[in-house]
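Structural overview
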Amino acid sequence: MLTVREIISRSTEYLKQHGVDTARLDSELLLAKVLGLTRLELYLQMERPFEEEELALSRQLLWQRAKKRVPVAYLLGKKEFYGLDFTVNENVLIPRPETELLVELVAKLAPDSARALEVGIGSGAISIGLAKALPALRIWATDLSPQALAVAKENCQKHQLAERIQLLEGDLFSPLAGSEGTFEIIVSNPPYIPHGDLALLAPELNHEPQLALDGGPDGLAVLRPLIRKAISFLVPGGLLALELGTGQGQAVTALAQEAGFVDPRCELDYAGSERFFIA
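Residues numbered from 1 in each chain as written. Predicted model: local features only at pLDDT ≥ 70, side-chain atom pairs only at ≥ 80, totals over all residues. Heavy atoms only, no water.

This part takes up the packing of helix H9 (residues 223–233) against helix H10 (residues 249–259). A pair of packed helices is characterised by two quantities: the angle between their axes and the separation of those axes. It is the contact of H9 with H10, at a shortest axis distance of 9 Å, that shows an interaxial angle of 30 degrees. By the criterion of interaxial angle, the relationship of H9 to H10 is roughly parallel. Here H9 and H10 pass one another in a crossing that is right-handed. Taken together, the residues of H10 that come into contact with H9 (itself represented by Leu-223, Arg-224, Ile-227, Arg-228 and Ile-231) are Val-252, Leu-255, Ala-256 and Ala-259. (Axes fitted to C-alpha atoms, helices over the stretch in contact; angles between N-to-C directions. Helix = DSSP H or I, 4+ residues; strand = E, 2+ residues; numbered from the N terminus. Parallel < 35°, antiparallel > 145°, perpendicular 65-115°, else oblique. Left-handed = near helix turned anticlockwise from the far one by under 90°. Contact = heavy atoms within 4.5 Å.)

This is the structure in structure tokens:
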């Protein structure tokens, strides 16, 4: 009977052969899931034998990771973001570490008891991160996808924030008619990848909702109306904070100035790219 140590070794090699960059980490996470353990507990049980049922489930998960390139987060059904655990599935984008910087930027600039709006809440990672960082913050959040809102609702309930985060179904600001001049903060991580670039991305992204990725021909198809309409929903002096795609800073700055925003600036991500826009 094979041990945990042997299965990790074989699984890592299998994933490497199929071009998975994070083969060792992915193997450990998936095997820990099968055994109902944390990664640390997995390391403490290296000589534990694998039962046949556990081996069969491991093979199934590893096949999906290697052959189908299903992201590990979807296979696990969860992803950590901002020190919090989020339920995720193929109806929502997987929260990225760099987006934590957007939460940190907004948390530093936001008034403590502000009213915030997130456009396109997805899994709820940004709104929930902000709500944890700013305990007096009240948040409204929209999303076009009812399936995404169901995931966001589950995460809000998981983190005891259902009363502070109001979820609204609809495109951009459409569920908020009559709420002009209401919010101190508007934040969004909108679709910003140019349509023609989608085919060039890692195969794992094929499993993520294209609605949340596809920014149209130039990547700005959602950013244009979002920026143009955002200013009317902000109080005077209110803050707009966005995540951007590579090389979009100049175009977004021009759009924001055209819409009437002042003091626009771009902030860098961990890789030194202009990733966030503040105005």
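Next comes the rest of the write-up.
Residue placement: Ser-145 occurs in the loop between strand S4 (138–143) and helix H8 (146–158). The class of Ser-145 is buried, set by a relative accessible area of 13%. Residues Ser-145 and Lys-67, spaced 78 residues apart in sequence, show a C-alpha to C-alpha distance of 28 Å. A distance of 3.2 Å separates the side chain of Ser-145 from the side chain of Gln-147, its partner in a polar contact. (Buried < 20%, exposed > 50% of the residue type's maximum accessible area, 1.4 Å probe, protein only. Polar contact = N/O pair within 3.5 Å; in protein donor to acceptor, adjacent residues only side chain to side chain.)

A separate point is the packing of aromatic side chains. According to the stated counting rule, one finds four aromatic pairs in the structure shown. On the numbers, 6.1 Å between centres and 75 degrees between planes, the contact of Phe-81 with Phe-86 is edge-to-face. For the pair Phe-81 and Phe-86, a shared accessibility class is recorded, and that class is buried. Members of the aromatic cluster, connected to one another through ring pairs, are Phe-81, Tyr-82 and Phe-86. (Phe/Tyr/Trp six-rings, centres within 6.5 Å; stacked < 30°, edge-to-face > 60°.)

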